[in-house]
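Analysis of the macromolecular model
Next come the chains, spelled out residue by residue.
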Amino acid sequence: MNRIVQVEGKEISISNPDKKLFPGVTKWDWILHLSRLAPWILSYARGRYLTTIRYPNGVEGDYFYQKNAPAHTPDWIQTARWREVDHILLQDAPTLIWLGNLACLEFHVSFDRVERPGYPTELVFDLDPSVEGFEAVMETAHLTREVLNSLGLDGVVKTSGATGLQLYVPIQPKYPFAETRRISHFVARYLQEKNPRLITLERQVKRRGSRVYFDYLQHWQGKSLITVYSPRARREATLSVPLRWEELKPGLTPTQFTLNTVHRRLKEAGDLFAPIARPVGAYDLSEILNFISRHEPEPV
């Protein structure tokens, strides 16, 4: 039997509330978790093009990606059209709960915002380990921060919710993706040359060996990345969670951050992603771009 919920004046029907989406987590549990996570998720995701991954029968069943708003999308849900796709916008809690009822278990958002398409709001570095273990990717994150600091930049690191880490640097949204990629490529190539046994830029998984893949190509218009505080469709129900830099040390694992542990963390630590979601001093990249233009070739 369906359950009816009222969220900020919107009536939403929750179908099959007893269906298992994660081990030990029913759809109704999922809806309750999302209602608590909504302010944290929306803080960054609002106003960005959304891609969801739907698991109608839970994490152990089939899944599909959805970019286009379904035909049955309520008229109160905001959308934005880009390249013939009507993306849902995560503007409010009712939208998040409605998507949760569709068994959307992951929420991925664009690097740019709807009001200024083509101009990212951050530099983003996606670090993906090639073998089990978290030590190498944590070391890579610290090395990346050192390089950024030498350029006068700093950022916030978060887990991907899976096996990797992602580093965000707030920037003034006046540089097109082609320019931000020049900086990303510069940082990536420098790190790889200095640490060839640890870091690779190789896209083919079979050629990476045990090295951490430094993905600077994902940061582009039309692409997306798991949004902060979004759960991942994994049996452990892990989330993408921002970290303090001092937390990146031996013993840390992504499985520490789950639907069942995140609420206490948020209560104790607050929103560690606030410097990205609500930046006070976003960086001007003009001097760095001028330096790279004088010394570096155009990236591939």
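For every chain, the first residue of its written sequence is number 1, and the numbers climb from 1 along that sequence. This being a predicted model, a pLDDT of at least 70 is required before a residue's local features are given, and a value of 80 or more before pairs of side-chain atoms are given or counted; all residues contribute to the totals for chains, interfaces and linings. Where side-chain values are given, they derive from all heavy atoms of the structure, hydrogens and water being excluded.

The name given to the chain in an unreviewed UniProt entry is Non-homologous end-joining DNA ligase, and the organism recorded there is Kroppenstedtia sanguinis.

Here we look at the packing of aromatic side chains
Note on aromatic contacts: the rings of Phe and Tyr and the six-membered ring of Trp form a pair at centre separations within 6.5 Å, being stacked when their planes are under 30 degrees apart, edge-to-face when over 60 apart, and tilted otherwise. Enumeration according to the criterion identifies 11 aromatic pairs in this entry. Note on tyrosine 63 and tyrosine 65: the rings are 6.3 Å apart at their centroids and 70° apart in plane angle, and the pair reads as edge-to-face. When its relative accessible area of 56% is taken as the criterion, tyrosine 65 is described as exposed. In this structure an aromatic cluster arises from ring pairing among Tyr44, Tyr168 and Phe273. The cationic tip of arginine 48 hangs over the ring face of tyrosine 44; the distance from NZ or CZ to the ring centre is 3.9 Å. Think of it in three bands: residues with accessible area under 20% of the maximum for their type are buried, residues over 50% are exposed, and the middle band is partly exposed, with areas taken using a 1.4 Å probe on protein chains only. Note on criteria: charge over ring means Lys NZ or Arg CZ within 6 Å of the ring centre, with the direction from the centre no more than 35 degrees off the ring normal.

Focus on the pattern of salt bridges
Note on pairing: side chains with opposite charge can pair once their charged atoms come close. Criterion for a salt bridge: a side-chain nitrogen of Lys or Arg within 4 Å of a carboxyl oxygen of Asp or Glu. Within the structure shown, the criterion is met by 12 salt bridges. Between arginine 232 and glutamate 106 there is a salt bridge; the shortest N-O distance is 3.3 Å. One end of the pair, arginine 232, is in the loop between β16 (224-226) and β17 (242-243); the other, glutamate 106, is in strand β9 (residues 104-113), and 126 residues separate them in sequence. Of the two residues, arginine 232 and glutamate 106, neither departs from the other in class, the shared state being buried. Here arginine 265 and glutamate 247 are joined by a salt bridge, their closest N and O atoms 2.8 Å apart. Here arginine 265 is found in helix α5 (residues 262-269), whereas its partner glutamate 247 is found in the loop between β17 and α5, with 18 residues between them in sequence. For arginine 265, a relative accessible area of 16% translates into the label buried. Given a relative accessible area of 18%, glutamate 247 falls into the buried group. Strands are runs of DSSP state E lasting at least 2 residues, helices are runs of H or I lasting at least 4, and numbering of each runs from the N terminus.

Details of the side chain of threonine 26
Of note, threonine 26 is situated in strand β4 (residues 25-26). With relative accessibility at 14%, the residue threonine 26 sits in the buried group.

A closer look at the sheet that holds strand β15 (residues 212-215)
Being paired, for any two strands, means DSSP has found at least two bridges between them. If you walk across this open sheet you meet the 6 strands as β14-β15-β11-β13-β12-β17, and the pairing is mixed. Because the sheet does not close on itself, it has two edges, and the strands there are β14 (199-200) and β17. In this sheet, β15 lies alongside β14 in parallel orientation, the contact comprising 2 bridges. Directly across from isoleucine 199, in β15, lies its bridge partner valine 212.

Observations regarding the layout of surface pockets
Of the volumes computed, that of the largest pocket is approximately 330 Å³. What lines the largest pocket is a set of 20 residues, among which Asp126, Asp128, Gln166, Asp215 and Leu225 lie closest to the centre. For the lining of the largest pocket, the secondary-structure elements that each account for two or more residues are β11 (122-128), β15 and β16. The method works on a 1 Å grid over the protein atoms by themselves. A cavity is a set of points holding a 1.4 Å probe that cannot get out, a pocket is an open set with protein on both sides within 12 Å along at least five of seven lines, and residues with an atom within 4 Å of a point line them. Grid points are joined across faces, edges and corners, and a volume is the space filled by probe spheres set on the points. Considering only enclosed or pocket space, the second largest pocket measures out at about 270 Å³ in volume. For the second largest pocket, the lining is made up of 14 residues, of which Gly133, Ala162, Thr163, Arg234 and Pro254 are closest to its centre.

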